[in-house]
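A structural walkthrough
Residue strings, one per chain:
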Amino acid sequence: MPKTDELLDVTEAVAPATVHPPERRRRRLPRRPPPATAAVAALGLAIAALVLSGTPWLNGPAVAAWRTVCLAITVQALPFLLLGTALSGAINAFVPADLFTKVLPRRAVLAVPVAGLAGAVLPGCECASVPVANSLIRRGVTPAAAFAFLLSAPAINPIVLTATAVAFPGSPTMVLARLLASLATAAVMGWLWLWLGRTEWLRPVVRHTGHQHGHSRFTEFRLGFQHDFLHAGGFLVLGAMAAATFNVTVPRSVLDTFSGSPWLSVLFLAALAVVLAVCSEADAFVAASLTGFSPTARLAFMVVGPMVDLKLIALQAGTFGRAFAVRFSTATTVVAVAASFLIGGALL
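The following paragraphs examine the structure supplied in this document. Each chain carries its own residue numbering, running from 1 in the written order of its sequence. The model is predicted, so local features are restricted to residues of pLDDT at least 70 and side-chain atom pairs to those at 80 or more, both for listing and for counting; the totals for chains, interfaces and linings are taken over all residues. The side-chain numbers reported here are obtained from all heavy atoms of the structure, hydrogens and water having been left aside.

**Describing the side chain of threonine 296**
Put simply, the rule reads: In this description a helix means any DSSP run of H or I spanning at least four residues, a strand means any run of E spanning at least two, and both kinds are numbered starting from the N terminus. For every residue, the accessible area obtained with a 1.4 Å probe (protein chains only) is divided by the maximum for its type, and the residue is called buried under 20%, exposed over 50%, and partly exposed between those limits. Contacts: residue pairs with any heavy atoms within 4.5 Å of one another.
With respect to the secondary-structure elements, threonine 296 resides in helix H15 (residues 295-304). Note on threonine 296: relative accessible area 14%, which makes it buried. Sequence-distant contacts of threonine 296, defined by excluding residues within four places in its chain, comprise Val266, Ser340, Phe341, Gly344, Gly345 and Leu348.

**Re the nonpolar core**
How we decide: As used here, the term nonpolar core means buried Ala, Val, Leu, Ile, Met, Phe, Trp, Tyr and Cys residues forming a set that is joined through side-chain atoms within 4.5 Å.
If you look at the biggest cluster of nonpolar residues, it comprises 66 residues, and the most contacted ones within it are Phe147, Leu269, Leu272, Phe301 and Phe320. Per-element accounting of this core gives the leading share, 11 residues, to helix H8 (residues 143-156). For leucine 269, the contacting residues outside a window of four places in its chain are Leu290, Phe293, Ala297, Arg298 and Phe301.

**Concerning a nonpolar patch on the surface**
Stated precisely, the cut-off is as follows: Patch construction takes residues with relative accessible area above 30% that form no salt bridge. Like charges are linked within 9 Å, and nonpolar side chains (Val, Leu, Ile, Met, Phe, Trp, Tyr) are linked within 5 Å. The Shrake-Rupley method, run with a 1.4 Å probe sphere, supplies the accessible areas, and residue values consider only the shown protein chains as cover. Basic side-chain nitrogens of Lys or Arg form a salt bridge, by our definition, when they fall within 4 Å of a carboxyl oxygen of Asp or Glu.
Where nonpolar side chains cluster on the molecular surface, the patch consists of Val109, Leu110, Val188, Trp191 and Leu194 and spans about 400 Å² of accessible area. Among the secondary structure elements, those contributing two or more residues to the nonpolar patch are helix H6 (108-118) and helix H10 (172-196). No other element matches the 3 residues that H10 contributes to the nonpolar patch. Checked against the element boundaries, tryptophan 191 lands in helix H10.

**A short note on the pattern of salt bridges**
Any two side chains of opposite charge can pair, given that their charged atoms come close. This structure, assessed with the given rule, holds 1 salt bridge. Salt-bridge contacts for lysine 311 lead to aspartate 309; the nearest nitrogen and oxygen are separated by 3.2 Å. For the pair lysine 311 and aspartate 309, a shared accessibility class is recorded, and that class is buried.

This is how it looks when you write it as structure tokens:
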């Protein structure tokens, strides 16, 4: 009889623990699309439907120009966004979690310039660097080093430097100035984050990440790639729309107003790079066409553009949070303009 009582007590203690319906429901919740992503996707679908529906008022010259610029920016950046999200998914699924922490120096102060130099390896634009930097942070890399990589990768990779040499033939100092100014900006921003950065500013979005027991590596890659591409793609469209609006509404005569002053020309082309949102593989040709501006001003256009533009700010806000994007983009602009002015003044 005592054995029976003990058995009943054990059964009563074990039986309730075998049912976990609330936990199962909670595990499924993160798979639902975030409200912001769903809203951006719905907006994109609505715009695409209007563009393809042949609505009469969309055939006006201004609207047609806006549509062309918006589509051009999106199509130009889309392959590199695909590259970046695919690389991010591959890092998430296949690369051991401790690899990057082993490769980079243990001291964060030294890891920042090493990560900045590593940006030369990735042949992509700013759209590709954001998801990769996010994946690096989730893999244990210090955020300062990941942000240095984020800034340098679209500015000093071989494709960009080759395009700069082609756009400015017979001017190797322009290529050198772009390389040095971009590296200096990336390193300074990484060190500034070590000094002044706060963890509450950095709020990465919830995503499927890391290898989980019972899932294949390919499944982990597919889920990570799917989330990153859909999420970042929506913010890319918003940034392209903002840049297209500026291109259509600001008259060409405004460009000539600022070209006469050395300081104003640098500041104006830096601001122009932010709003035009030209891909880093093509911005050298745009800068070369601005012949009325000084070489230093055109250097500022090429240094600021790959690090701070409307679509990049939108991507950063969607990935790391608005508090981070506002502070980081503002500080990056100031540092990039200062580096361009100092290095351009010395070399150009």
